[in-house]
Amino acid sequence: MSGPNLRRADRAMTSEAALAALERGFAGRLATVGEDGYPYCVPMLNVWADNQVLLHGTSALGHLQTNVRREPRVCFELDEPDQVFDYGRFECDSGLAYRSVILFGRISIADNRAIKQRFCELLMEKYGKPNSSRPKNFFPRLDAITVYVLAVERMTGKQQLLPELSEQWPAKDRTKTPNARPPALGAS
């Protein structure tokens, strides 16, 4: 898997780190393109398996499924926000520690019940309560869901790790405009 050159190559994640983020990430956003050319983005739980992203929704024909059936090219984004930190003297000199993975690829609908069953098992393995006394691997509503399979063509990952306190302001001043003077108190 490869991706286009990142503008912030200094924040590029390794492929291994990006794949690890995909495996543990809680929810991502799937973007499709509507017939009118407008993007449509929807948050979805996801499973990373067999080098693909697996997602699901209702079997009812709606905006998402209509878009996927018309145009299989999609984008999927997953992020893990961390903490906001200060790096300089001014309020705007703040950053966010995060990890983010963006995938581009083609999506298809899995009509096979075995794939739907496997998806549901993986979904419950990732999101289910491990000590639940409910029956395992029994999904009576497989016909009521649509499972989407995203084959990844390109992947990029970026991260900004939380700096150590010794690297944050006021211990270290990384003000972006070092010669700027704040306005006098009470001035507008």
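As a reminder, the structure under discussion sits directly above these lines.
Let me begin by describing the structure that accompanies this report. Treat the numbers as computed from the prediction; the structure is a model and nothing was measured.

### So, the overall build of the chain
- Secondary structure assignment for the chain yields three helices and seven strands.
- In the chain, the succession of helices and strands from N to C terminus is α-β-β-β-β-α-β-β-α-β.
- Computed over the C-alpha atoms, the radius of gyration of the chain is 21 Å, more than 25% above the 16 Å expected from 2.2 N^0.38 for a compact globule of 188 residues.
- Expressed along its principal axes, the backbone C-alpha trace of the chain runs to roughly 65 × 45 × 35 Å.

### Concerning helix 2 (residues 63-70)
- All of the buried residues in helix 2 are L64, Q65, N67 and V68. Take helix 2 and look down its axis: the buried residues cluster within an arc of 160°, on one side only.
- Buried residues along helix 2 sit against strand 1 (27-33), strand 2 (39-45), strand 4 (52-58), strand 6 (94-110) and strand 7 (145-160).

### Quick notes on the environment of T177
- With respect to the secondary-structure elements, T177 resides in the segment after strand 7.
- Judged by its relative accessible area of 46%, T177 is partly exposed.
- In this structure, the C-alpha to C-alpha distance between T177 and R134, residues 43 residues apart in sequence, is 59 Å.

### Regarding the sheet that holds strand 1
- The strand order across the open sheet formed by seven strands is 2-1-5-6-7-4-3, and the pairing between neighbours is antiparallel. Two strands in the sheet have a free side with no partner beyond their single neighbour: strand 2 and strand 3 (47-49). Averaged over all pairs of adjacent strands, the angle between strand axes in this sheet comes to 35°, irrespective of strand direction.
- Here helix 1 (residues 15-24) sits on the sheet in contact with strand 3, strand 5 (73-86), strand 6 and strand 7, set at roughly 75° to strand 6.
- In the packing of helix 2 onto the sheet, contacts are made with strand 1, strand 2, strand 4, strand 6 and strand 7, and the angle to strand 1 comes to roughly 60°.

### A closer look at helix 3 (residues 113-127)
- Relative to the 21 Å expected for 15 residues at 1.5 Å per residue, helix 3 spans 21 Å between its end C-alpha atoms, a close match to the ideal helical length.
- Next to the buried residues of helix 3 lie strand 2, strand 3, strand 4, strand 6 and strand 7.
- The distance from a side-chain oxygen at the start of helix 3 to the backbone nitrogen of A114 is 2.6 Å, and the residue carrying that oxygen is N112.

### Quick notes on the nonpolar core
- Membership of the largest hydrophobic core comes to 22 residues, with the highest contact counts inside it found for L30, L55, F76, V101, L103 and I107.
- Only helix 1, strand 2, strand 4, helix 2, strand 5, strand 6 and strand 7 provide two or more residues apiece to this core.
- Beyond its immediate chain neighbours, meaning those up to four positions away, V101 contacts M13, A18, A21, L22, F76, E77, L78, M155, T156 and G157.
- Core analysis: the second largest hydrophobic core is formed by 13 residues, L54, A110, L142 and V147 among them.

### Describing the packing of aromatic side chains
- Enumeration according to the criterion identifies one aromatic pair in this entry.
- Just above the ring of F104 sits the side chain of R154; from NZ or CZ to the centre is 4.2 Å.

### Digging into the environment of E16
- Within the element layout of this structure, E16 appears in helix 1.
- Considered as a pair, E16 and P183 are 167 residues apart in the sequence and their alpha carbons are 47 Å apart.

### Describing the pairing of strand 4
- Inspection of the sheet shows strand 3 paired to strand 4 by three bridges, in the antiparallel sense. Among the inter-strand pairings, W48 is bridged to a residue of strand 4, identified as V53.
- If you look at the hairpin formed by strand 3 and strand 4, you'll find two residues sitting between the two strands, and D50 has a positive phi there, around 55°.
- The pairing of strand 4 with strand 7 spans seven bridges and is classified as antiparallel. Each bridged residue has a counterpart across the sheet, and for T58 the counterpart in strand 7 is I145.

Thresholds, definitions, all that
- Residues numbered from 1 in each chain as written.
- Predicted model: local features only at pLDDT ≥ 70, side-chain atom pairs only at ≥ 80, totals over all residues.
- Heavy atoms only, no water.
- Helix = DSSP H or I, 4+ residues; strand = E, 2+ residues; numbered from the N terminus.
- Rg over C-alpha atoms; globule rule 2.2 N^0.38 Å.
- Buried < 20%, exposed > 50% of the residue type's maximum accessible area, 1.4 Å probe, protein only.
- Arc of directions from axis to C-beta.
- Contact = heavy atoms within 4.5 Å.
- Pairing = 2+ DSSP bridges.
- Axes fitted to C-alpha atoms, helices over the stretch in contact; angles between N-to-C directions.
- Expected span 1.5 Å × (residues − 1).
- Polar contact = N/O pair within 3.5 Å; in protein donor to acceptor, adjacent residues only side chain to side chain.
- Core = buried A, V, L, I, M, F, W, Y, C linked by side-chain atoms within 4.5 Å.
- Phe/Tyr/Trp six-rings, centres within 6.5 Å; stacked < 30°, edge-to-face > 60°.
- Lys NZ or Arg CZ within 6 Å of the ring centre and 35° of its normal.

Geometric values such as these leave the question of function open.
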